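Coordinate analysis (summary)
Listed below are the residues making up each chain.
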Amino acid sequence: MRVYLMLFCLICCTANGQVVYSIAEETERGMSVGNIAKDFGIDAATLLPRKFRMIASSSKQYFNINASTGALTVNEPIDREQLCELKSPCLLNYELVLENPLELYRLEFKVLDINDNSPSFSLSEYHINMPEFLSPGARFTLPNAQDLDEGTNSIQNYTLSPDEHFHLEMQTRGDGSKYPELVLKKALDREQQAIHRLVLTAKDGGNPPRSGDVPVIVTVLDTNDNAPEFEHSVYRASILENSPSGTLVVQVHATDLDEGSNGEIRYSFSNTTSADLQQMFLIHPHTGKVTVNGILAVQRPFLEMLIEARDNGAFGMSSTAKLLVEITDVNNHGPEITVTSLSNPIPEDAVPGTVIALLSILDKDPGENGKVTCRIPDNLPFQLKPSLENYYSLVTSELLDRELISGYNITITAADLGSPPITTQKTLWVQISDVNDNPPVFSADTFDVFVEENNPLGAFLYQVSASDPDMDENGRVSYILRNSTVAGNALASFLSVSLANGSIYAKRAFDFEQLRSFYFQVEAKDNGSPPLSAAITVNVYISDQNDNAPAILYPTSQNGSIAVEVVPRLADEDYLVTKVVADDEDNAQNAWLSYHIAHSSDSTLFHLTPHSGELRTTRSLRSTDFLKHKVVVVVQDHGDPPLSSTVTVGILLADTLPQALPDFDDNGEPPPLLNATNIYLIVSLSCVSFIFAAFLLFLAIVRLCHCRTCCCAGCCCPADEYEKYCYSIRMLPSSHLPPDVLEVTGVGKLTHTYLYRASVGLGLSNGSIPNGDAGNIPGGSRLQVPGPCIQVQKVQSDRLSAVLVPKHPNPDWRYSASLRAGMQSAVHMEEAGILRGGPGGPDQQWPTVSSATTEPEAGEVSPPVGAGVNSNSWTFKFGPGNPKQGGPESKKQTQVSFLLRRKGESSQYSQ
């Protein structure tokens with residue numbers, strides 16, 4: 001590698017956060033330039049954590065920084081001529097940006113030229129036409145060579161190949177620039193040599209030097225011997241950079257002393273003028289007017305062009321003049337806002353003055369038109385602060401709160417100082433990131449939870465909920481129980497809480513009688529770093545259920561024996577036997593007790609006060625009362641459903657306490673109301689009652705059907721069957737029949753006892769029987785017996801017993817109650833009927849039922865044959881009765897026929 005490509009790096013200065021490095025162009029890749037950590041006093045170990053980066057002003061990254069050591073090395077060789085063209089000095093500007101905190105350092109690289117370009121000419125060969133009559137000393141301008149290097153590495157001199165007719169001289173223009181001229185030393189002789197071939201060599205001052213040459217062909221002409229001359233060797237003009245096409249820049253003028261075509265001049269840009277300038281400007285070939293052609297897209301304040309004036313002679317001669325055009329700036333460029341660095345999002349707890357963004361604001365216009373002012377809206381918690389040249393820092397001006405505003409649109413307005421000013425805006429979206437600065441919040445300080453006892457395991461009790469305005473993990477709330485004890489046990493054995501939603505569940509069944517209330521704390525904690533938490537107190541109130549039966553406190557039994565109370569033998573009414581005392585561990589109405597007697601051996605002797613449980617005597621005790629009594633007391637609460645307990649109290653009636661208590665039944669429970677025997681009896685009675693009722697219904701239906709067959713509307717029996725219901729009664733003629741003396745009662749197989757009204761008569765007239773003898777009944781009269789008493793005592797096959805019971809016996813006719821209840825007569829049926837009436841009465845034969853007694857005076861009862869035991873007509877024969885009993889003397893037997901009917905029954909024969 002050649003020496004001139006060796007690295008030449010020099011730290012020129014370090015001040016105000018800026019370091020200037022000098023480096024030779026074409027330095028090889030990887031060569032060290034410097035160490036930014038040492039040059040800026042930065043700890044190399046912090047470069048990577050602080051996210052360092054180097055921002056270049058060019059599109060290529062020519063340098064690298066080692067993140068571990070801070071060494072600055074060449075990333076790509078630099079071509080100064082390509083980078084800066086003709087600009088001198090050639091500078092590269094870099095910015096080193098470090099974050100946390102945000103810092104900016106400026107690096108300036110001065111690219112040093114090396115002799116890496118040889119001089120070159122724009123033409124491959126150069127032709128000069130010289131008239132032969134030129135005298136020595138004639139001068140011809142030779143082309144300038146171009147060397148992109150600068151300083152001593154640029155073109156230093158020109159040399160010309162040896163020739164006897166020509167030599168080379170350097171000339172200086174008015175601006176100090178030099179150019180070569182070909183000087184004629186010796187007159188030319190076209191006939192000896194028409195063409196002279198020379199070589200023009202341009203050399204630079206590099207080490208080693210470089211050179212470039214161009215052939216110069218001199219053609220000897222026998223013509224024009226005067227070259228045009230400009231009025232000024234240098235023309236100066238000034239135009240606005242926004243001048244439209246066709247704007248006149250300058251008009252050059254040259255003169256030629258020759259005449260004719262040799263004196264006609266044509267203007268053009270010299271070949272040494274760059275092609276882009278020849279496109280931006282036009283020169284009129286005849287008038288020499290230079291005008292604008294298109295847009296002046298240049299950034300240089302001065303433009304340099306060479307104008308050539310050439311005559312039209314056969315051997316045209318030319319001369320050149322320099323045109324310097326100054327471009328006057330116009331405010332036609334707006335500020336350009338570039339976000340060099342942006343920290344987004346920013347935490348909401350950023351302190352005022354925190355740098356959020358670094359902005360580069362440039363205006364391509366020079367002077368005042370390139371000066372920029374920058375601002376942001378006043379209602380934002382941010383402000384712009386100037387940093388280095390053309391740089392602004394966007395910093396916070398007050399505290400931020402993401403819960404109020406989660407992001408800001410910051411509009412940056414940059415305006416230059418031109419007239420009129422040009423304004424540029426750029427909007428930055430700055431998002432505020434969440435910081436765990438809000439603890440969870442409950443809606444209340446305490447919560448009251450009511451739960452019934454005997455709850456199932458895992459029962460849901462309550463759900464607590466806390467809100468956290470933070471985001472994501474900072475706002476995700478989890479719930480835990482704070483460690484505490486309840487009734488001497490760990491809270492975790494009673495309750496559990498859902499970590500995600502705060503639902504509280506019971507891990508055991510609560511017992512109101514053991515624990516009526518307790519409290520605990522639920523802690524809500526977010527998942528931030530560090531986490532924030534809040535707690536709430538939950539009061540748990542256990543509601544009572546009726547789960548405890550009353551407990552009998554007094555009287556108590558031991559070893560299964562019955563508690564015995566001794567009561568004085570003759571205790572008064574309302575005497576306090578004992579007081580049943582009970583307790584219920586439940587609460588409220590579940591513990592309200594009432595007392596009742598479930599069973600008592602004597603229900604009339606004792607009563608129990610329902611609310612106090614006092615067992616007292618209902619009445620005064622008697623000597624006839626049993627000495628031992630047993631009372632079963634039921635104590636019942638008012639729960640739903642109610643629960644009860646029983647106690648059996650044995651009561652001993654004694655005036656003194658016996659030495660040994662009597663034995664009571666060991667079963668104090670009242671006997672059941674329904675047992676198997678009672679059920680069988682109830683069923684049997686029901687069946688018998690049903691059969692009996694069915695039989696009665698059957699008889700009623702039969703009777704009803706029989707009555708409907710009657711043809712007579714006023715009587716159930718037809719008139720021609722009247723005799724069937726007449727009974728013959730034989731009586732002594734002197735028998736005395738007082739009213740209301742007969743009564744008929746059905747017994748035996750008769751289903752009911754019937755009371756009949758009797759109508760007794762011997763004729764059709766309505767005559768009453770006078771008080772006195774029966775034999776005195778007048779003929780054709782009817783005897784009315786309102787209340788006879790006929791008692792049928794026994795029916796046996798075809799024999800029955802009948803007793804005529806007078807109601808008001810007199811000394812002549814007397815039947816005792818014992819006779820009426822016990823007298824029985826064997827009666828048999830006879831086929832002879834007897835009807836003895838008075839004078840004019842019909843004589844009808846009736847079947848007669850006669851008494852089987854041997855005494856002729858015995859009465860005969862003759863029912864109609866075929867009437868049966870249920871007939872309503874009987875024939876009675878009255879005699880003197882039992883001879884052992886006194887009665888009226890019988891001289892004559894009288895037979896009376898009468899009709900018996902049910903009470904309330906009408907008869908056509910009653911008239």
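Preceding block: the structure.
Here the structure is a predicted model, which is why all the values come from computation and not from measurement.

**Things to note about the pattern of salt bridges**
For the structure shown, the criterion picks out 19 salt bridges. Glu336 is the partner of Lys364 in a salt bridge, and the nearest nitrogen-oxygen pair spans 3.8 Å. Pair noted here: Lys364 is in the loop between strand S27 (355-362) and strand S28 (372-375) and Glu336 is in strand S25 (residues 336-342), with a separation of 28 residues, a long-range link. The class for Lys364 is exposed, based on a relative accessible area of 51%. Looking at Glu336, the relative accessible area reads 40%, which means it is partly exposed. Two residues, Asp625 and Arg619, come together in a salt bridge whose shortest N-O distance is 3.0 Å. What makes Asp625 buried here is its relative accessible area of 9%. The exposure class of Arg619 is buried, given its relative accessible area of 17%. Each of Arg139, Glu169 and Glu181 takes part in a single network of salt bridges with overlapping partners.

**Topic: the environment of Pro381**
Residue position: Pro381 is located in the loop between S28 and strand S29 (382-386). Considered as a pair, Pro381 and Ile410 are 29 residues apart in the sequence and their alpha carbons are 9.9 Å apart. Among residues more than four places away in sequence, those in contact with Pro381 are Val395, Thr396, Ser397, Glu398, Leu400 and Tyr408.

**Brief notes about the environment of Leu359**
Residue position: Leu359 is located in strand S27. The buried category is assigned to Leu359, whose relative accessible area is 0%. Expressed as a C-alpha distance, the spacing of Leu359 and Tyr391, which sit 32 residues apart in the sequence, is 5.5 Å. Setting aside anything within four residues of it in sequence, one finds Leu359 in contact with Thr338, Val339, Thr340, Leu384, Asn390, Tyr391, Tyr392, Ile412 and Leu428.

**Concerning the sheet that holds strand S41 (residues 503-506)**
Strand order in the open sheet formed by three strands is S35-S41-S40, and the pairing between neighbours is antiparallel. Since the sheet does not close on itself, it has two edges, and those belong to strand S35 (460-463) and strand S40 (495-497), each with one partner. Recorded for the sheet is a direction-independent mean angle of 20 degrees between the axes of neighbouring strands. Where S40 and S41 come together, three bridges link them in antiparallel fashion. Bridge pairing links Leu495 to Ala506 in S41.

Criteria and cut-off values
All residue numbers here refer to positions counted from 1 along the written sequence of the relevant chain. Reporting in this predicted model follows two pLDDT cut-offs: at least 70 for local features of residues, and 80 or more for side-chain atom pairs to be given and counted; totals over whole chains, interfaces and linings ignore these cut-offs and use all residues. Where side-chain values are given, they derive from all heavy atoms of the structure, hydrogens and water being excluded. By definition, a salt bridge exists where a carboxyl oxygen of Asp or Glu is found within 4 Å of a side-chain nitrogen of Lys or Arg. Secondary structure elements follow DSSP: runs of H or I of four or more residues count as helices, runs of E of two or more count as strands, with numbering from the N terminus. The buried label goes to any residue with under 20% of its type's maximum accessible area, the exposed label to any with over 50%, and the partly exposed label to all in between, with areas taken from a 1.4 Å probe on protein chains only. Throughout, a contact is declared for two residues whenever any of their heavy atoms are within 4.5 Å. One bridge is not enough; two strands pair if DSSP finds at least two bridges between them. Fitting a line to C-alpha atoms yields each axis, with helices limited to the stretch in contact; the angle taken between N-to-C directions then spans 0 to 180 degrees.

Everything listed here is a matter of geometry and, on its own, says nothing about what the molecule does.
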